[in-house]
Structures are given as C-alpha cells and as structure tokens.
Amino acid sequence: MTLKLKNIRPGVLIIADAKLRLDPGQTFEAESMSPQMELAVSAGRLARMDEKDDPLKQNESPASETQDEDLSGLTAADAISRIGTEGDPDKLKAHLAGEKRRTVIEALKKRLTEVEGGAG
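Remember, predicted model here, so these are calculated numbers, not experimental data. (Residues numbered from 1 in each chain as written. Predicted model: local features only at pLDDT ≥ 70, side-chain atom pairs only at ≥ 80, totals over all residues. Heavy atoms only, no water.)

With that out of the way, let us pick up the overall build of the chain. Helices and strands together make up the secondary structure of the chain, namely five helices and five strands. Ordered by position from the N terminus, the helices and strands of the chain form the series β-β-β-β-α-β-α-α-α-α. By residue count, 21% of the 120 residues in the chain fall in the buried class. A sequence separation of at least 24 residues applies to 50% of the contacts in the chain between residues at least 6 apart. Of the accessible surface of the chain, which amounts to about 8000 Å², a share of 50% is contributed by carbon and sulfur atoms. (Helix = DSSP H or I, 4+ residues; strand = E, 2+ residues; numbered from the N terminus. Buried < 20%, exposed > 50% of the residue type's maximum accessible area, 1.4 Å probe, protein only. Contact = heavy atoms within 4.5 Å. Areas by Shrake-Rupley, 256 points an atom, 1.4 Å probe, with all protein chains shown as cover.)

Given below as structure tokens:
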C-alpha cells in the first residue's frame, strides 16, 4: 500500500531515516512509514493525504481544525511557528487575549504589528 504524506510545517522538514528533505507543503509517496515519519505524523509535522478519503476522518476534521486554532496545546516553539504564518489580525488578537507564555505573547505582538502594517 502506498502512503501519501505532506509536510504541513511552515519550514523545511528533514526525515533522516528515509533520506527526505521536504519543503513547506511538499507531498511525497512512500511504501511504508519509517520510525521518524511516524513521529512526524504524531507531532503534527506530516499529514497523511490518504486519510481525506476516509469518511470517518472527514467527520473528525472540524474538531481538529478547532484544536489547530488553539495555541495552548502546542509547545511554545510550535505556537510561535504557527503565529508566523497567521495573517488574520482578529485571530492574532484572540490568541493574545488567552495566552500566558511570555515568549508567545511577544511573538503575537510582533506578528500583529507586521500584519497591521505597524499602525497598531
């Protein structure tokens, strides 16, 4: 069975045991999952593209989208990485209101200034 996977990180992803270097959004096919691929999928760095065909996974996707919008469940580094890709000032302000980690708050303020054009 061929698996189709996609790098969903905003940066380059290296999977050493499969000798892969993936740019953001790049997809690839593999015959089986290597241990590092499995770790990347469980950490949310890789997405399985073949799961979209599964009707059970489609029913779960709205919950995962809501979870993706919440930064509190992410590590500070992952939250800051996600903030760097956000372009909606309203979402940034909403995250800022509920965030407690100083480094993430600073990243939110910086990104909000960038998105609003420095007029914030």
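Turning to the environment of valine 104, a few remarks are in order. Along the polypeptide, valine 104 turns up in helix H5 (residues 102-115). For the pair valine 104 and alanine 79, spaced 25 residues apart in the sequence, the C-alpha separation amounts to 6.9 Å. For valine 104, the residues in contact, after removing those within four places along its chain, are Ala76, Ala79, Ile80, Ile83 and Glu99.

Where burial is concerned, the two faces of strand S4 (residues 27-30) differ: the one with Phe28 and Ala30 is buried and the one with Thr27 and Glu29 is not. With four bridges joining them, strand S1 (residues 3-7) and S4 adopt antiparallel strand pairing. Counterpart to leucine 5 in the pairing with S4 is phenylalanine 28. (Pairing = 2+ DSSP bridges.)

In the predicted model, the chain carries a mean pLDDT of 80, and 82% of its residues have values of at least 70. The low-confidence segment residues 53-68, where pLDDT is below 50, has three contacts with residues more than four positions distant or belonging to other chains. (pLDDT = per-residue confidence, 0-100.)

Another point: the side chain of glutamate 86. Along the chain, glutamate 86 falls in the loop between helix H3 (76-83) and helix H4 (89-98). An unpaired buried charge is present at glutamate 86: no salt bridge exists, and lysine 91, the closest side chain of opposite charge, is 4.5 Å distant. Within the structure, the side chain of glutamate 86 is placed 3.1 Å from the backbone nitrogen of aspartate 88, a separation counted as a polar contact. If we skip the residues at most four places from it in the chain, glutamate 86 touches Lys91, Leu92, Arg111 and Val115. (Lys, Arg positive; Asp, Glu negative; His and termini not counted. Salt bridge = Lys/Arg side-chain N within 4 Å of Asp/Glu carboxyl O. Polar contact = N/O pair within 3.5 Å; in protein donor to acceptor, adjacent residues only side chain to side chain.)

Before going further, it helps to examine the pattern of salt bridges. Applying the stated criterion across every chain, the model contains four salt bridges. With its nearest N and O atoms 3.0 Å apart, the salt bridge here joins aspartate 23 to arginine 21. Assessed through its relative accessible area of 52%, arginine 21 is described here as exposed.

It is worth spelling out the nonpolar core at this point. Leu5, Leu13, Ile15, Leu22, Phe28, Ala30, Met37, Ala40 and Leu46 together form the largest nonpolar core, which totals nine residues. Elements that contribute at least two residues to this core include exactly strand S2 (13-15), S4 and helix H1 (35-42). Residues Ile83, Leu92, Ala107 and Leu108 belong to the second largest nonpolar core, which totals eight residues. (Core = buried A, V, L, I, M, F, W, Y, C linked by side-chain atoms within 4.5 Å.)

Burial of S1 is one-sided: the residues Leu3, Leu5 and Asn7 facing one way are buried, the residues Lys4 and Lys6 facing the other way are not. Note that S1 and strand S5 (residues 46-48) share three bridges and pair antiparallel. Residue asparagine 7 lies in a different strand from S5, and its bridge partner there is leucine 46.

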